[in-house]
Amino acid sequence: MFKPRIIPALVLALFHQYALALDPFVIKDIRVEGLQRTEPGTIFNYLPVEVGDTMDDAKATRAIKSLYGTGFFKDVRIEADGDVLLVTVQERSAIATIAFSGNRSFPSDKMLEGLKQIGISEGLIFDKSELDRAEQEIKRQYLSTGKYGATVKTVVSPLERNRVAVRFEIEEGKVAKIRDINIVGNEDFTMDELRAEFLLTTPNWMSWWNKDDQYSKQKLTADLETLKSFYLNQGYLEFAVDSTQVAISPDKQDIFITVNVTEGEKYTISDVKLAGDLKLPETELQELVKFKKGDTFNRQMITETSQAISDKLSNEGYAFANVNAVPDINKEELTAAFTFFVDPGRRVYVRRINLTGNTRTKDSALRREMRQLESSWYAGDKIKRSKERLDRTQFFDSVDIETPAVPGNTDQVDLNINVAEKSTGSVQFGAGLSSNEGVVLGFNVSQQNFLGTGNRVNAQLNTSKLNTIYSLSYTDPYFTPDGISRGFDIYRRDVDTNTNTTSNIGTYQSSSYGLGVRFGLPLTERSSFNIGFTGDITSIDLQANSPVQYKDFCGNTSGCDANSIQVRAGWTYDSRDNLLFPNRGVLQRLNAEVSVPGLDLEYYKLEYQHAWYKDVFKNVTFMLNGELGYADSYGTGRYPFFKNFFVGGVNSVRGFENGTVGPRNIDPATGNDFSVGGTTKVVGNAEVFVPVPLIKDSSQFRLSAFFDAGRAGESISFDELRYSTGVGVSWFSPFGPLKIVFAQPLNEKQGDNTQTLQFQFGQQF
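Throughout what follows, the structure given in this document is the object of discussion. Numbering of residues starts from 1 in each chain and follows the order in which that chain's sequence is written. In keeping with the predicted nature of the model, local features appear solely for residues at pLDDT of at least 70, side-chain atom pairs appear and are counted solely at 80 or more, and the whole-chain, interface and lining totals rest on all residues. Only hydrogens and water are set aside when side-chain values are computed; all heavy atoms of the structure are taken into account.

1. A closer look at the state of the cysteines
And then number 1: Working definition: a disulfide is two cysteine sulfur atoms within 2.5 Å of each other. Evaluation of the coordinates by the stated rule reveals one disulfide.
And then number 2: Paired by a disulfide, C554 and C560 hold their sulfur atoms 2.3 Å apart. Judged by the sign of its S-S torsion, about -50°, the bond between C554 and C560 is left-handed.
And then number 3: Relative accessible area serves as the criterion here: at 13%, C554 is assigned to the buried category. Note on exposure labels: buried denotes an accessible area under 20% of the residue type's maximum, exposed denotes more than 50%, and partly exposed covers the range between, all computed with a 1.4 Å probe on protein chains only.

See the structure below:
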């Protein structure tokens, strides 16, 4: 009978066959033969003997074992030639090159990295077993992409100096498609209703992009969980997926999926209770329960209730609150009673707020946005709001927050905030072409985080055939520690409509100089009040062909001064989740502008905007926007024509030229008609935003379909409104925001100026 303890003796006998029986002798020299790549020094380093030692059979056996252990040799012999120890070796082959052919799905450099991780790389010892494992790994990678017919063949070619070249010959084959998904056992829902819950599907017109017709075990697992959630949310408390079968056709091109389910019975809620250490009044927590007695069982509502109670306790300092919903099922009556057991844990406070990653931005600019304070009770809602405020500064690419427990303490946590800064300064040179203003040149220098303080500085020069604007502004958003902002503005604006005969604006020239100061006061977390004062000096020059409205305003045909001190006040409420591409929230603005009596101008303007965003589906956002404006003069003066409202263009009613949706007058001298705007305006927009196909970064690109309506005038009736529809794309490019729209007016009338293609570059949208 063969016994395991005999194995060591057999191994020793095996090594002895490579070492002839040696009479002991003193080694005078050591000679190595058979080396092609390995240096002799390597042999000497691993030999357990050296010149001057006495050599015998035992040492010869140890020497052979040591050299075999290096993994460099496939044969080792030790002999004596007089007083010389002769070591004869046969080296194992080394991998000289690794190449691939036929690999279209995976680049060669990535495949080389993968092989290196499993021990196959150029310069390493060739091992046939490792090569077989590499073949299986490469094939497994192709199987994960749905190419079940992929084959991998390895060709090993000998080279000089005992080296080999390894080439993997790959035939990828075609991706296997899902030809059928069959669900067995469903009675209350149709096959189509259940298949609609799956991400995996049979080939359709978008499968080339979504790859949803390619089988993946991970995707199928997720789909089965989605199917389970669907049933559980419909009341089927005992629903179960009994089994799944995935079959492949003989040609390995088609996949067939069969899912066997047991629907069970539909359950209703018989009772809802709260238990445990509630910490808060039970009536307050009961208001967070999403369902009531008699409702159909819905797992999602139960999960949301547990989360809502946990969040409520978190806001009160119980950062590690645990809420478990325990059911009491009555199978005879098909009811389930739920008890929410509340374990609040210990109340904890934030010991320290640690900031990392802000190499340019000062700590103070971050800490002033924090709503969770050090040494205060932990508040989940304040931590969430702090993150939102940091994101809204637009100083950072990302903001990550962690709340680890303080070692050795059960009632303390630290708030670790790590930010990834982005460039907040820009120097922009721009050029554009407008049908209204011809070539537009622009130069803008801005820094939204000046010297890391969070202050904003902007210098701008824009020039076109109609307008030349120079402006400089500075804003300190925290002029006072409690968040009152202060800003200064200085500008010069020149308007000359004589240089563009195709202009939609009547002929006149003006030069304006202004200096202003403004303040902002936060009212709540999401609302603020602002007020500003601007001194403006404006001179107007008229021509013989200037419109009569302009001459009536000045009271002559040559021009006039229109100096004023303007007071602007406004209220803003903003709950949008993102300033650039909002997905949900509300933006409301109410602004008033009035001139101080006693100077050339006596007027007032009122404007209101309400924009509502809702994410109706994943990555699909619906927006409604409404704008109203009203203006008039007071006292004895006329309302200044250059303060009129104008509607039309890429930011109001698209498809119509900028400022042309409103009253138009004909110049009797030239016969040209032009827009005069009005003291009243109304604008409405409905828009659906979706990601741009083929572009993965939805945070920078967005596609939309819209419907616009609006008009400006002295008074507005619905039959005067202009309507348009179309599509647009927005891109937050490295050079500034870009918006392009293709619009079609729906009710244009004679004299309207329309544009099918419109764009805007370099302004916020």
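After that view, the rundown keeps rolling.
2. Let's talk about the pairing of strand 13 (residues 322-330)
And then number 1: Two strands make a pair as long as DSSP finds a minimum of two bridges between them. Secondary structure follows DSSP: runs of H or I at least 4 residues long count as helices, runs of E at least 2 residues long count as strands, and numbering of each begins at the N terminus. Where strand 13 and strand 14 (residues 335-343) come together, nine bridges link them in antiparallel fashion. Bridging from a neighbouring strand, V323 pairs with V342 of strand 14.

3. Notes on helix 10 (residues 299-315)
And then number 1: Across its 17 residues, helix 10 extends 24 Å between first and last C-alpha, which sits within 8% of the 24 Å expected from 1.5 Å per residue.
And then number 2: Throughout, a residue-residue contact means that at least one pair of heavy atoms, one from each residue, lies within 4.5 Å. As for helix 10, its buried residues are in contact with strand 12 (268-276), helix 9 (282-286), strand 13, strand 14 and helix 12 (380-392).
And then number 3: Residues adjacent in sequence count toward polar contacts only when both atoms are side-chain atoms; beyond that, a polar contact is any pair of N or O atoms within 3.5 Å, and within protein one must be able to donate a hydrogen and the other to accept it. The backbone nitrogen of Q300 lies 2.9 Å from a side-chain oxygen of the residue at the head of helix 10, namely N298.
And then number 4: G317 sits one or two positions beyond helix 10 and adopts a positive phi of about 105°. What a helix is expected to span follows from its residue count: subtract one and scale by 1.5 Å.

4. Quick word on unusual backbone geometry
And then number 1: With a phi angle near 60°, K252 is a residue other than glycine that sits in the positive phi range.
And then number 2: Position of K252 among the secondary structure elements: in the loop between strand 10 (240-248) and strand 11 (254-262).
And then number 3: Exposure remark for K252: the relative accessible area of 37% places this residue in the partly exposed category.
And then number 4: A positive phi angle, close to 65°, is found at S375, a residue other than glycine.
And then number 5: On the secondary structure map, S375 appears in the loop between helix 11 (363-367) and helix 12.
And then number 6: By relative accessible area, S375 is classed as exposed at 59%.

5. As for the environment of G713
And then number 1: Inspection of the secondary structure assignment puts G713 in strand 33 (residues 701-713).
And then number 2: Note on G713: relative accessible area 3%, which makes it buried.
And then number 3: Distance from G713 to L587, taken between C-alpha atoms, is 25 Å for residues 126 residues apart in sequence.
And then number 4: Discounting residues that sit within four places of it in the chain, G713 has contacts with P663, G677, G678, T679 and T680.

6. Here's the deal with the nonpolar core
And then number 1: If you look at the biggest cluster of nonpolar residues, it comprises 22 residues, and the most contacted ones within it are F291, F297, I309, L313, F338 and F340.
And then number 2: Looking at this core, the elements with two or more residues in it are strand 12, helix 10 and strand 14.
And then number 3: No other element matches the four residues that strand 14 contributes to this core.
And then number 4: Apart from residues lying up to four places away in sequence, F340 is in contact with V272, K273, L274, A275, F291, I302, T305, S306, V323, N324 and A325. In this text, buried Ala, Val, Leu, Ile, Met, Phe, Trp, Tyr and Cys residues form a nonpolar core when linked through side-chain atoms within 4.5 Å.

7. Points about the layout of surface pockets
And then number 1: Using protein atoms alone on a 1 Å grid, points that fit a 1.4 Å probe yet trap it form a cavity, whereas open point sets bounded by protein on both sides within 12 Å along at least five of seven lines form a pocket; residues with an atom within 4 Å of a point count as lining. Grid points are joined across faces, edges and corners, and a volume is the space filled by probe spheres set on the points. As a volume, the second largest pocket reaches approximately 850 Å³.
And then number 2: Along its surface, the second largest pocket is lined by 34 residues, and D577, N578, L579, F581 and N583 are the ones closest to its centre.
And then number 3: The set of elements that each furnish at least two residues to the lining of the second largest pocket consists of helix 12, strand 16 (396-402), strand 29 (620-633) and strand 32 (680-690).
And then number 4: The element best represented in the lining of the second largest pocket is helix 12, accounting for six residues.
And then number 5: Residues are sorted three ways: Asp, Glu, Lys and Arg are charged, Ala, Val, Leu, Ile, Met, Phe, Trp, Tyr, Cys and Pro are nonpolar, and all the rest, Gly among them, are polar. Along the lines of polarity and charge, the residues of the lining of the second largest pocket split into ten nonpolar, eleven polar and 13 charged.

8. Remarks on the packing of aromatic side chains
And then number 1: Working definition: rings of Phe, Tyr and Trp (its six-membered ring) pair if their centres are within 6.5 Å, and the pair is stacked with planes under 30 degrees apart, edge-to-face with planes over 60 apart, and tilted otherwise. As enumerated under the stated definition, the model contains 24 aromatic pairs in all.
And then number 2: Taken together, a centroid distance of 5.8 Å and an interplanar angle of 85° make the contact between F230 and Y231 edge-to-face. Across the pair, Y231 and F230 agree in class, each one buried.
And then number 3: Between F553 and F642, the aromatic rings sit 6.2 Å apart at their centres with planes inclined by 85°, giving edge-to-face as the arrangement. With a gap of 89 residues between them, F553 in helix 13 (residues 548-554) and F642 in the loop between strand 29 and strand 30 (664-666) connect regions that are remote in the sequence.
And then number 4: F642 sits in the partly exposed class, given a relative accessible area of 28%.
And then number 5: One aromatic cluster is present, formed by F189, F230, Y231, Y236 and F239 through successive ring pairs.
And then number 6: Definition used: whenever NZ (Lys) or CZ (Arg) falls within 6 Å of the ring centre and also within 35 degrees of the ring normal, the charge is taken to sit over that ring. Its guanidinium or amino end placed over the ring of F645, K605 lies 4.6 Å from that ring's centre, counting from NZ or CZ.
And then number 7: Positioned over the ring face of F689 is R702, at 4.0 Å from the centre of the ring.

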